Amino acid sequence: MARSTLTRREVLDAAASLVKQHGPAALTMRKLAAELGTAVTSIYWHVGNRESLLDALVERTVEEMGAIRPLGRTPAERIVSVARTLRRELRERPHLIAMVHERGLTERMFLPAQQALVHEVHAGGLRGARAADAVRAIQFQIVGFLLVERNRERSPAQSPAESELWDPATAPHDPALARALARPADPEHLFLLSVRALVTTVLAPAPPTPRTGR
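We now turn to the structure provided with this report. (Residues numbered from 1 in each chain as written. Predicted model: local features only at pLDDT ≥ 70, side-chain atom pairs only at ≥ 80, totals over all residues. Heavy atoms only, no water.)

1. Quick notes on the packing of aromatic side chains
Pairs of aromatic rings are described using the distance from one ring centre to the other and the angle between the two planes.
Part 1: Under the defined criterion, the tally for this structure stands at one aromatic pair.
Part 2: Ring centres 5.2 Å apart and planes at 65 degrees place the aromatic pair Phe145 and Phe191 in the edge-to-face group. Highlighted residues: Phe145 in helix α8 (residues 128–154) and Phe191 in helix α11 (residues 187–203), separated in sequence by 46 residues. Each of the two residues, Phe145 as well as Phe191, counts as buried. (Phe/Tyr/Trp six-rings, centres within 6.5 Å; stacked < 30°, edge-to-face > 60°. Helix = DSSP H or I, 4+ residues; strand = E, 2+ residues; numbered from the N terminus. Buried < 20%, exposed > 50% of the residue type's maximum accessible area, 1.4 Å probe, protein only.)

2. Some thoughts on helix α1 (residues 8–22)
Part 1: Over its 15 residues, α1 runs 21 Å from end to end, which matches the ideal 21 Å to within 8%, given 1.5 Å per residue.
Part 2: Against the buried residues of α1 lie α2 (29–36), α3 (40–47), α4 (50–65) and α6 (94–102).
Part 3: Residue Gly23 follows α1 closely and has a positive phi angle near 95 degrees. (Expected span 1.5 Å × (residues − 1). Contact = heavy atoms within 4.5 Å.)

3. Quick notes on the packing of helix α5 (residues 75–92) against helix α7 (residues 106–123)
Part 1: Between α5 and α7, the least distance of the axes is 8 Å, while the angle of their chain directions is 165 degrees. When the axes of α5 and α7 are compared, the pair comes out roughly antiparallel. Two packed elements cross with a definite hand, and for α5 against α7 that hand is left-handed. In contact with Pro75, Arg78, Ile79, Val82, Leu86 and Leu90 of α5, α7 contributes Met109, Phe110, Ala113, Ala116, Leu117, Glu120, Val121 and Ala123. (Axes fitted to C-alpha atoms, helices over the stretch in contact; angles between N-to-C directions. Parallel < 35°, antiparallel > 145°, perpendicular 65-115°, else oblique. Left-handed = near helix turned anticlockwise from the far one by under 90°.)

4. Concerning the nonpolar core
Part 1: One finds Leu27, Leu32, Ile43, Leu53 and Leu57 to be the most contacted residues of the largest nonpolar core, which totals 54 residues.
Part 2: Contact partners of Leu32, with chain neighbours within four places excluded, come to Val11, Ala14, Ala15, Leu18, Leu27, Ile43 and Leu53. (Core = buried A, V, L, I, M, F, W, Y, C linked by side-chain atoms within 4.5 Å.)

5. Observations regarding the environment of Glu102
Part 1: With respect to the helices, strands and loops of the structure, Glu102 is situated in helix α6.
Part 2: The class of Glu102 is exposed, set by a relative accessible area of 63%.
Part 3: Through-space distance from the C-alpha of Glu102 to that of Val58 is 9.8 Å; in sequence the pair is 44 residues apart.

6. A few points about the environment of Tyr44
Part 1: Tracing the sequence through the fold places Tyr44 in helix α3.
Part 2: Taking relative accessible area as the criterion, Tyr44 reaches 41% and is therefore assigned partly exposed.
Part 3: A sequence separation of eleven residues divides Tyr44 from Ala33, and the C-alpha atoms of the two residues are 9.8 Å apart.
Part 4: Not counting the four nearest positions on each side in its chain, Tyr44 is found in contact with Met29 and Asn49.

7. Topic: the pattern of salt bridges
Part 1: Applying the stated criterion to the full structure yields 16 salt bridges.
Part 2: Between Glu120 and Arg78 there is a salt bridge; the shortest N-O distance is 2.6 Å. Of this pair, Glu120 sits in helix α7 while Arg78 sits in helix α5, placing them 42 residues apart in sequence. Of the two residues, Glu120 and Arg78, neither departs from the other in class, the shared state being buried.
Part 3: The residue Arg84 makes a salt bridge to Glu188 at a minimum N-O spacing of 2.8 Å. Here Arg84 is found in helix α5, whereas its partner Glu188 is found in helix α11, with 104 residues between them in sequence.
Part 4: Under the relative-accessibility criterion, Arg84 is labelled partly exposed at 38%.
Part 5: For Glu188, a relative accessible area of 27% puts it in the partly exposed group.
Part 6: Residues joined by salt bridges that share partners form a network here, namely Asp13, Arg60, Glu64, Arg88, Glu89, Glu92 and Arg93. (Salt bridge = Lys/Arg side-chain N within 4 Å of Asp/Glu carboxyl O.)

Pasting the structure below:
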C-alpha cells in the first residue's frame, strides 16, 4: 500500500542513502519509490525528474559541507578541527562528492571551509599571500591525504604485504622502526600528525628579512 503522506526531505534522504550505498547509477525513480513505499508519480511531484533529483542532492551536499564549525582554544587547534571534520565529511559522501565535482561545484562546496580556515589563519597572525598559501596548503593536504587513503583502500591485496617486507632483520639498525612499519598504518594518526606539522609550520612567524649593507 502506497504511503499517503511524503515530504521532499524524506525523498532526498532516501535518495542520498541509495547513492551513498550503491552510487548514482543505482538511483532510479522506481527503486526510490519502492524504498519509500510510494508511487513513482509521488516522487516526481516532490522533486521532478531524475536530473532534478540529482541536482537537489548536489545542492544539499554543498549546503551540508558548509556546516563545518571550528572547535578549540587556539587557531592551530581550530584549524586541525576543521581538517578532521572535512576529511570525515568527504569520506562519508564519496559518491555525492563525485556528483558535486561532475557538476562543477567543487570550489563552491569548499568555500565555507576555506572561509573558516581564513578566519583562523588571520587569528594566527597571517595576512595576504602568506594567509592564502596557508589556507591552500591545508586544503590540499586534506584532499591529497584522502585521495591516497582511498586509493590504498581500493588497491588489490599486496604480495608480499608490508608486514612481510619489514622485520628486524630488514633494519637491524632500528628494529623498532621495522616492527612499526610491519603493523597496519593508522590513517587517523597519520592524518593528525601531518596536519598538525603543517599547521605548526604555516603559523610559525616569518623569518626576519636580512638587512643588506649599503
